[in-house]
Amino acid sequence: MSEIRNFDIFFYNDLIVCPDCMKNFKVHKQTYRIKETFMYVLYEYDEFLERLFFQYRHI
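Here the residue numbering is sequential within each chain, running from 1 through the sequence in written order. This being a predicted model, a pLDDT of at least 70 is required before a residue's local features are given, and a value of 80 or more before pairs of side-chain atoms are given or counted; all residues contribute to the totals for chains, interfaces and linings. Hydrogen atoms and water are omitted, and side-chain values are computed over all heavy atoms in the structure.

Thoughts on unusual backbone geometry
Look at Lys 29: it is not a glycine, yet its phi comes out positive at around 45°. For helices the rule is a DSSP run of H or I covering at least 4 residues; for strands it is a run of E covering at least 2, with both sets numbered from the N terminus onward. Structurally, Lys 29 can be placed in strand β1 (residues 27-34). Relative accessibility decides the category of a residue: with a 1.4 Å probe and only protein chains considered, values under 20% of the type maximum give buried, values over 50% give exposed, and everything between is partly exposed. Take Lys 29: its relative accessible area is 48%, and that puts it in the partly exposed class. With a phi close to 55°, Lys 35 is a non-glycine residue in the positive phi region. Tracing the backbone shows Lys 35 in the loop between β1 and β2 (37-43).

If you want it as structure tokens, here you go:
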């Protein structure tokens, strides 16, 4: 948890996701190459994250 929190504090002045929700994020930290593009994945896309995106889109 502290690793995630430190990352967010470093890049953002205000956290977008509450600390309780952040506890549900699953750290992934992998780099994938798709053709000539590198994709950096920090968190797993799971059901919890999907619900957060859905909520965010409907605000």
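Description of the pairing of β1
Here is the key point about a regular strand: its side chains alternate between the two faces of the sheet. With 6 bridges joining them, β1 and β2 adopt antiparallel strand pairing. Bridging from a neighbouring strand, Arg 33 pairs with Phe 38 of β2. A pair of strands counts as paired when DSSP detects no fewer than two bridges linking them.

Section: the pattern of salt bridges
The term salt bridge refers to a side-chain nitrogen of Lys or Arg lying within 4 Å of a carboxyl oxygen of Asp or Glu. Within the structure shown, the criterion is met by 4 salt bridges. The shortest N-O distance in the salt bridge between Asp 20 and Lys 23 comes to 3.6 Å. Neither residue differs from the other here; Asp 20 and Lys 23 are each classed as exposed. Two residues, Glu 36 and Arg 33, come together in a salt bridge whose shortest N-O distance is 2.8 Å.

So, the side chain of Asp 46
Tracing the chain through its elements places Asp 46 in the loop between β2 and α3 (47-57). Among the polar contacts listed, one links the side chain of Asp 46 to the backbone nitrogen of Leu 49, at a separation of 3.0 Å. Excluding residues within four positions of it along the chain, Asp 46 makes contact with Asn 24 and Lys 26. Pairs of N or O atoms within 3.5 Å make up the polar contacts considered here, provided that, within protein, one atom can donate a hydrogen while the other can accept it, and that residues adjacent in sequence are counted only when both atoms are side-chain atoms. Residues are treated as being in contact if the distance between any of their heavy atoms lies within 4.5 Å.

Details of the environment of Leu 52
Mapped onto the elements, Leu 52 comes out in helix α3. A residue is classified by how much of its surface remains accessible, and Leu 52, at 19% relative accessible area, is buried. Other than its neighbours up to four places away in sequence, Leu 52 contacts Val 17 and Phe 25.

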